[in-house]
Amino acid sequence: MRPDAPVGVVLALHGEACLVAGDSLAPQQSYLRGDARFMLSGMGMQRARTAAQALVDQGVSGLLSVGFAGALSPDLKCGTVLLPTLVRSQGEAWPTTPQWHATCSELLPQPTVNAELWTAPGVMAGPAQKQKIFDAHGALAVDMEAAALARVAHVGGLPFMAIKIVLDEYQDALPDLSECIDAYGRASLARLSARVLQRPSVGLQLMRLARRYRFAARSLRGVVRSLGSGFGLSAGEMPVKAR
């Protein structure tokens, strides 16, 4: 790895890519912009693992999972900036790199929450599922990709960090949109409209989620501005180690 190698940034959703990389990205293609190399992976651990490994093969200096997460605790509100100290998935636990974590904490002007993050195999649709994970593991938020990046970073001997913005709050029930959006979060307007006509309650849920998204997006933009193009990673930081 070269001392001036870019940091590798994996983004699951098209909307996250536009906010973080400043533009839309073609799926599974890497884009070098400033001190970072970005890749749009799509949702889920397998897609994230593939993207992370591709970035490692291209010589990045570390791996960053950045984007939105769901709250597993009623205390976390939409827009909260999470700097996970530990990322858990079933049977695994991966700490984020302490030096990188500390630098992010110093650079971000807004209050942040140091918490454990749970990487789930699917969408946590409502409070019952969220409470079950919180009770079993103590994590405060959930995503679907970070643990995959942590494992790839560990195997490759690279630093790892995750930065997550709370989108859906603990009490929010997310509608089933599996037939309306693709793996990158891009919606089919025709299918989405049909879904709302079939179940008008979905329309109300989408309106609430849209308000949450606008608020969380402002928070994510602020994080990107504060951290700069290298996202707080300094040369010489130690790789992630498993627990």
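Please refer to the structure placed before this passage.
Enquirer: What should I look at first to understand the state of the cysteines in this one?
Expert: As used in these notes, a disulfide is a covalent bond between sulfur atoms, one from each of two cysteines. Enumeration according to the criterion identifies zero disulfides in this entry. The thiol sulfur of C78 is not disulfide-bonded, and the nearest other cysteine sulfur, from C18, lies at 18 Å. A residue is classified by how much of its surface remains accessible, and C78, at 9% relative accessible area, is buried.

Enquirer: Just to check I follow, could you spell out the side chain of S61 for this structure?
Expert: Within the fold, S61 resides in the loop between α2 (45–57) and β4 (63–71). Among the polar contacts listed, one links the side chain of S61 to the backbone oxygen of A5, at a separation of 3.2 Å.

Enquirer: Could you clarify how one ought to interpret the layout of surface pockets in this entry?
Expert: Taking a probe equal in size to a water molecule and rolling it over the atoms shows the remaining empty space. The volume enclosed by the largest pocket comes to roughly 1100 Å³. Lining the largest pocket are 35 residues, with L13, M43, L167, I181 and L209 positioned closest to its centre. Going through the elements one at a time, α1 (14–20), β4, β10 (141–143) and α7 (200–227) are the ones with two or more residues in the lining of the largest pocket. Sorting elements by how many residues they give to the lining of the largest pocket places α7 first, with four residues. Here the residues of the lining of the largest pocket sort into 22 nonpolar, six polar and seven charged.

Enquirer: Just checking my understanding: could you explain α7 for this structure?
Expert: Count 3.6 residues to each turn of an α-helix, and residues three or four apart come out pointing the same way. With 28 residues, α7 extends 41 Å between its outermost C-alpha atoms, agreeing within 8% with the 40 Å of an ideal straight helix rising 1.5 Å per residue. Looking only at α7, the buried set comprises V202, G203, Q205, R212, A216, A217, S219, L220, G222, V223, V224 and L227. Here the buried face of α7 lies against α1, β4, β5 (81–82), α3 (98–107), β11 (160–166) and α6 (189–198). G228, located one to two residues past α7, shows a positive phi value of around 80°.

Enquirer: I keep staring at the packing of α6 against α7 and nothing clicks. Help me out?
Expert: Between two packed helices, what matters for the description is the angle formed by their axes and the separation of those axes. Interaxial distance between α6 and α7 falls to 4 Å at its minimum, and their mutual angle equals 120°. Relative to α7, α6 is oriented oblique. Contact with α6, carried on its side by L192, R195, V196, L197 and Q198, involves P200, V202, G203 and L206 of α7 and no other residues of that element. Here the residues of the contact of α6 with α7 are counted per class, giving six nonpolar, two polar and one charged.

Enquirer: Which parts of the structure should I look at to understand the pairing of strand β1 (residues 7–11)?
Expert: With five of its five residues buried, β1 lies for the most part within the structure. With five bridges joining them, β1 and strand β3 (residues 36–40) adopt parallel strand pairing. When the bridges of β3 are listed, V7 appears paired with A36. Bridge count for β1 against β4 is three bridges, and the pairing is parallel. Across the sheet, V10 pairs through a bridge with S65, a residue of β4.

Rules of the game
- Residues numbered from 1 in each chain as written.
- Predicted model: local features only at pLDDT ≥ 70, side-chain atom pairs only at ≥ 80, totals over all residues.
- Heavy atoms only, no water.
- Disulfide = S-S within 2.5 Å.
- Buried < 20%, exposed > 50% of the residue type's maximum accessible area, 1.4 Å probe, protein only.
- Helix = DSSP H or I, 4+ residues; strand = E, 2+ residues; numbered from the N terminus.
- Polar contact = N/O pair within 3.5 Å; in protein donor to acceptor, adjacent residues only side chain to side chain.
- 1 Å grid on protein atoms, 1.4 Å probe; cavity = no way out; pocket = protein on both sides within 12 Å on 5 of 7 lines; lining within 4 Å.
- Points joined across faces, edges and corners; volume = space filled by probe spheres on them.
- Nonpolar A, V, L, I, M, F, W, Y, C, P; charged D, E, K, R; others polar.
- Expected span 1.5 Å × (residues − 1).
- Contact = heavy atoms within 4.5 Å.
- Axes fitted to C-alpha atoms, helices over the stretch in contact; angles between N-to-C directions.
- Parallel < 35°, antiparallel > 145°, perpendicular 65-115°, else oblique.
- Pairing = 2+ DSSP bridges.

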